[in-house]
Amino acid sequence: MRDQGQWTNESVRKFAGERDPVAIMEERARSMVLSAIDDGWKGPPYDLLALARWRNIEVLATPNIPDARIVPKKPDGFLLEYNPVRPRGRLRFSIATR
């Protein structure tokens, strides 16, 4: 387990409290994936855009950006923009890391 004291970013410390933020994120990701699979998310390969839609995140193909980005939407939503002309592997990486 990593030492919580190594994390200096305020949002990371708020997210994690006294726990390891990486461990918390892994727990949340596993839980979300299992719920999505229970709801019919198919794979592998897994469709990351379908996962975003399942999470009620709006997605938009936008060839004017280099890779992908998350844009906050009021009051509490998100828009995932991605460049559909990027190579498939790069596109999956860009979407997954957002």
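Structure first, text after, so check above.
Residues numbered from 1 in each chain as written. Predicted model: local features only at pLDDT ≥ 70, side-chain atom pairs only at ≥ 80, totals over all residues. Heavy atoms only, no water.

Draft legend 1. A look at the pairing of strand β3 (residues 77-82). Two elements, strand β1 (residues 58-61) and β3, share four bridges in a ladder whose sense is parallel. Within β3, the position partnered with Val59 by the bridge is Leu80. With six bridges joining them, strand β2 (residues 68-73) and β3 adopt antiparallel strand pairing. When the bridges of β3 are listed, Ala68 appears paired with Tyr82. If you look at the hairpin formed by β2 and β3, you'll find three residues sitting between the two strands. (Pairing = 2+ DSSP bridges. Helix = DSSP H or I, 4+ residues; strand = E, 2+ residues; numbered from the N terminus.)

Draft legend 2. Structural detail: the environment of Ala16. Assignment of secondary structure puts Ala16 in helix α1 (residues 10-16). As for Ala16 and Pro84, which are separated by 68 residues in sequence, their C-alpha atoms are 34 Å apart.

Draft legend 3. View of helix α2 (residues 21-38). Counted at 1.5 Å a residue, the expected span for α2 with its 18 residues is 26 Å, and the 26 Å between its end C-alpha atoms agrees. Buried-residue contacts for α2 involve α1 and α3 (48-54). Count one or two residues on from α2 and you reach Gly40, which has phi positive near 110°. (Expected span 1.5 Å × (residues − 1). Contact = heavy atoms within 4.5 Å.)

Draft legend 4. Summary view of the pattern of salt bridges. Across all of its chains, the model carries five salt bridges by this definition. Between Glu27 and Arg19 there is a salt bridge, with its nearest N and O atoms 2.5 Å apart. For Glu27, a relative accessible area of 42% translates into the label partly exposed. Here Arg69 and Glu81 are joined by a salt bridge, their closest N and O atoms 2.4 Å apart. Note that Arg69 is positioned in strand β2 and Glu81 in strand β3, a separation of twelve residues in sequence. Judged by its relative accessible area of 10%, Glu81 is buried. A single salt-bridge network, built from bridges that share partners, covers Asp67, Arg86 and Arg90. (Salt bridge = Lys/Arg side-chain N within 4 Å of Asp/Glu carboxyl O. Buried < 20%, exposed > 50% of the residue type's maximum accessible area, 1.4 Å probe, protein only.)

Draft legend 5. Inspection of the packing of aromatic side chains at higher detail. Overall, the coordinates contain one aromatic pair when judged by the stated rule. An angle of 40° between the planes, with centres 4.7 Å apart, marks the rings of Trp41 and Tyr46 as tilted. Overall, the relative accessible area of 13% leaves Trp41 in the buried class. Judged by its relative accessible area of 27%, Tyr46 is partly exposed. (Phe/Tyr/Trp six-rings, centres within 6.5 Å; stacked < 30°, edge-to-face > 60°.)

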